[in-house]
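Each chain, written out:
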Amino acid sequence: MQQLVQGIHRFQREQFSQDKKLFETLVDGQHPLALFITCSDSRIDPNRLTQTKPGELFIQRTAGNIIPPYGAVLGGEAATIEYAVAALKVRDIIVCGHSHCGAMAGLLTPESVESMPAVRAYLQHAEATRRIVEENYSHLTDPAKRLTLTVEENVLVQLESLKTHPSVAAAVGRGDLKLHGWVYKFETGDVFTFDPDQNQFLPLRDVASPLSETQRTLPPI
């Protein structure tokens with residue numbers, strides 16, 4: 001706790017004073033560029049990764065960046081998604097998985113979460129991911145490669161789950177919203193985005209092109 005308290009003092013003394021005007025403008029409301037859905041893992045810092053400022057990124061964090069299908073759990077996940085799309089009018093939603101994901105490791109080894117009933121139950125929303133890996137990639141036995149594949153497949157599964165949310169489906173249908181699947185490899189800083197034309201995750205630097213300020217959207221998956 002002492003480290004956290006010292007961090008607050010340093011923030012107030014240094015960063016806040018430097019960006020005081022920015023923080024004052026936030027009183028007027030928020031207009032985020034995107035909804036960023038990622039894992040609760042402490043090693044993931046969405047704002048640092050995307051170099052965004054306060055007010056520019058609406059963030060939802062869950063174990064394994066899992067998005068329960070609409071109606072399965074009318075809780076914080078559904079409310080956050082609905083508010084981002086219907087009230088804040090975000091133009092992009094990113095579902096971002098990451099390397100060495102503990103939730104996905106638990107999905108592959110159910111015995112490791114046997115003593116955590118809440119975690120075990122929540123991972124049921126990624127059951128499709130587990131089945132895809134188990135039934136379609138039985139030949140892949142290397143643990144590290146199998147986990148990486150699971151992280152990637154889970155991003156795609158959760159994107160499909162995201163589409164079951166009415167606000168998302170309607171906005172996508174109108175052309176007002178784009179969905180993106182990313183995987184962040186934090187040990188190298190690389191970010192991979194799913195390219196539907198090649199049906200694989202590719203380095204974001206090879207897919208994204210520079211955008212002008214008037215084009216504030218990301219390349220669709």
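Structure: see above.
This report concerns the structure included in the present document.

Conventions adopted
Residues numbered from 1 in each chain as written. Predicted model: local features only at pLDDT ≥ 70, side-chain atom pairs only at ≥ 80, totals over all residues. Heavy atoms only, no water. Helix = DSSP H or I, 4+ residues; strand = E, 2+ residues; numbered from the N terminus. Buried < 20%, exposed > 50% of the residue type's maximum accessible area, 1.4 Å probe, protein only. Contact = heavy atoms within 4.5 Å. Areas by Shrake-Rupley, 256 points an atom, 1.4 Å probe, with all protein chains shown as cover. Lys, Arg positive; Asp, Glu negative; His and termini not counted. Charge placed at Lys NZ, Arg CZ, Asp CG, Glu CD. Pairing = 2+ DSSP bridges. Axes fitted to C-alpha atoms, helices over the stretch in contact; angles between N-to-C directions. Expected span 1.5 Å × (residues − 1). Bend = angle between axes of the 7 residues up to and from the residue. 1 Å grid on protein atoms, 1.4 Å probe; cavity = no way out; pocket = protein on both sides within 12 Å on 5 of 7 lines; lining within 4 Å. Points joined across faces, edges and corners; volume = space filled by probe spheres on them. Nonpolar A, V, L, I, M, F, W, Y, C, P; charged D, E, K, R; others polar. Salt bridge = Lys/Arg side-chain N within 4 Å of Asp/Glu carboxyl O.

1. Concerning the overall build of the protein chain
And then number 1: From N to C terminus, the protein chain includes 10 helices and six strands.
And then number 2: Dimensions of the protein chain, computed from the C-alpha atoms along their principal axes, are close to 55 × 50 × 35 Å.
And then number 3: Each of the 221 residues in the protein chain was classed as buried or not, and the buried ones make up 36%.
And then number 4: Restricting to contacts in the protein chain with at least 6 residues of sequence separation, those with at least 24 account for 64%.
And then number 5: A total accessible area of about 12,700 Å² is found for the protein chain, and carbon and sulfur atoms account for 53% of it.
And then number 6: Here the protein chain holds 21 positive side-chain charges and 26 negative ones, and the gap between their average locations is 5 Å.

2. A look at the sheet that holds strand E4 (residues 178-185)
And then number 1: The six strands lie next to each other as E2-E1-E3-E4-E5-E6, forming an open sheet whose pairing is mixed. Lying at the two open borders of the sheet, with one neighbouring strand each, are strand E2 (57-62) and strand E6 (200-203). Between one strand axis and the next, the sheet turns through 30° on average, direction left out of account.
And then number 2: Here strand E3 (residues 92-98) pairs with E4 via seven bridges, running parallel. When the bridges of E4 are listed, aspartate 92 appears paired with lysine 178.
And then number 3: Against the sheet, helix H4 (residues 76-87) engages strand E1 (34-39), E2 and E3, with an angle of about 165° to E2.
And then number 4: Contacts from helix H8 (residues 143-162) reach E1, E3, E4, strand E5 (190-195) and E6, with the element oriented near 160° to E4.

3. Focus: helix H1 (residues 2-18)
And then number 1: Taking 1.5 Å per residue as the helical rise, H1 with its 17 residues ought to reach 24 Å, and the 24 Å between its terminal C-alpha atoms agrees with that figure.
And then number 2: The largest bend in H1 amounts to roughly 40° and is located at phenylalanine 11.

4. As for the layout of surface pockets
And then number 1: A volume near 390 Å³ is recorded for the second largest pocket.
And then number 2: What lines the second largest pocket is a set of 21 residues, among which Thr148, Leu149, Glu152, Val183 and Phe201 lie closest to the centre.
And then number 3: With eight residues, H8 is the largest single contributor of residues to the lining of the second largest pocket.
And then number 4: Classifying every residue of the lining of the second largest pocket gives 11 nonpolar, six polar and four charged.

5. Observations concerning the pattern of salt bridges
And then number 1: Following the criterion strictly, the structure yields nine salt bridges and no others.
And then number 2: In this structure, arginine 130 engages glutamate 127 in a salt bridge whose closest nitrogen and oxygen atoms are separated by 2.6 Å. With arginine 130 and glutamate 127 both in helix H7 (residues 127-136) and three residues apart, the pair spans about one turn of that helix.
And then number 3: A relative accessible area of 21% means that arginine 130 is categorised as partly exposed.
And then number 4: Put simply, arginine 131 and glutamate 135 hold a salt bridge, and the shortest N to O gap is 2.4 Å. Highlighted residues: arginine 131 and glutamate 135, both in helix H7, separated by four residues, approximately one helical turn.
And then number 5: We classify glutamate 135 as partly exposed; its relative accessible area is 48%.

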